[in-house]
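Remarks on the overall topology
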Amino acid sequence: MLHATIEQATKRDEQIYLVGHDWGAIFAMRYQNKYPQKVKKLALLDVGMLSVHTAAPSQLAFIMMYQVWYSICYIISQIFSKGLASILVHLFSLPIFSSLFVGVEEGRPRMRVDNNVVLRCYVYYQMWKGILTGTMKDPKMPTCPVLFLYGSHKRFMFHSRRFLEKLGARADCSYLAVPC
């Protein structure tokens, strides 16, 4: 769908500047991997490339915990009820779970409260389904110039030090830690 939209909005050989935040950064990198001739430059916000081989065990445990929780919420929404799943999504952000996130500034992962909260769990479901079935492929390092911005006061970074090193080694790429 992203490719069709970009093709419809641009001329055939026109290159684009693609910006992605959070999951959008993953989608932007995957798009650039698949259509490198279409993307002139990437701007990635908060999420870069994170390797399970270089991430700290506590970082992986934290990420897995909330992503699997949201995946389960999505499954519950499809089998039982969106209302029940929505309640479960919100339970994860209650103060009672604070002890699971010792040292996390700004608390726990949060989902915006609205009628579509369970739909936002779909990407986690798709990712874990891909991991468990062996069909998910990690994006490769972008071949075009990249600007990567991320908040420096987060407990867990959704990128690896190696990702920053690879960006730093290229003259056409840069990254910046923003104090937030």
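Residues numbered from 1 in each chain as written. Predicted model: local features only at pLDDT ≥ 70, side-chain atom pairs only at ≥ 80, totals over all residues. Heavy atoms only, no water.

1. Considering the overall build of the protein chain
A tally of helices and strands in the protein chain yields six helices and four strands. Walking the protein chain from its N terminus toward its C terminus, one meets helices and strands in the order α-β-α-β-α-α-α-β-α-β. Put simply, 65% of the contacts in the protein chain that link residues at least 6 apart link residues at least 24 apart. (Helix = DSSP H or I, 4+ residues; strand = E, 2+ residues; numbered from the N terminus. Contact = heavy atoms within 4.5 Å.)

2. Focus on unusual backbone geometry
Positive phi values are uncommon outside glycine, yet Asp22 reaches one of about 60 degrees. Of note, Asp22 is situated in the loop between strand 1 (16-21) and helix 2 (23-34). With a relative accessible area of 34%, Asp22 lands in the partly exposed category. Backbone geometry at Asp46 places phi at a positive 70 degrees, although glycine is not the residue there. Here Asp46 is to be found in the loop between strand 2 (39-45) and helix 3 (57-79). By relative accessible area, which is 18% here, Asp46 ends up buried. (Buried < 20%, exposed > 50% of the residue type's maximum accessible area, 1.4 Å probe, protein only.)

3. A look at the packing of aromatic side chains
In total, this model carries 11 aromatic pairs according to the counting rule given. Both rings, one in Tyr74 and one in Tyr125, keep their centres 5.0 Å apart while their planes meet at 35 degrees; by these two values the pair is tilted. With Tyr74 in helix 3 and Tyr125 in helix 5 (residues 122-133), the pair connects residues that are 51 residues apart, well separated along the chain. Of the residues examined, Tyr74 reaches a relative accessible area of 12% and is grouped as buried. Of the aromatic side chains, those joined through ring pairs into one cluster are Trp23, Phe27, Tyr66, Tyr70 and Tyr124. (Phe/Tyr/Trp six-rings, centres within 6.5 Å; stacked < 30°, edge-to-face > 60°.)

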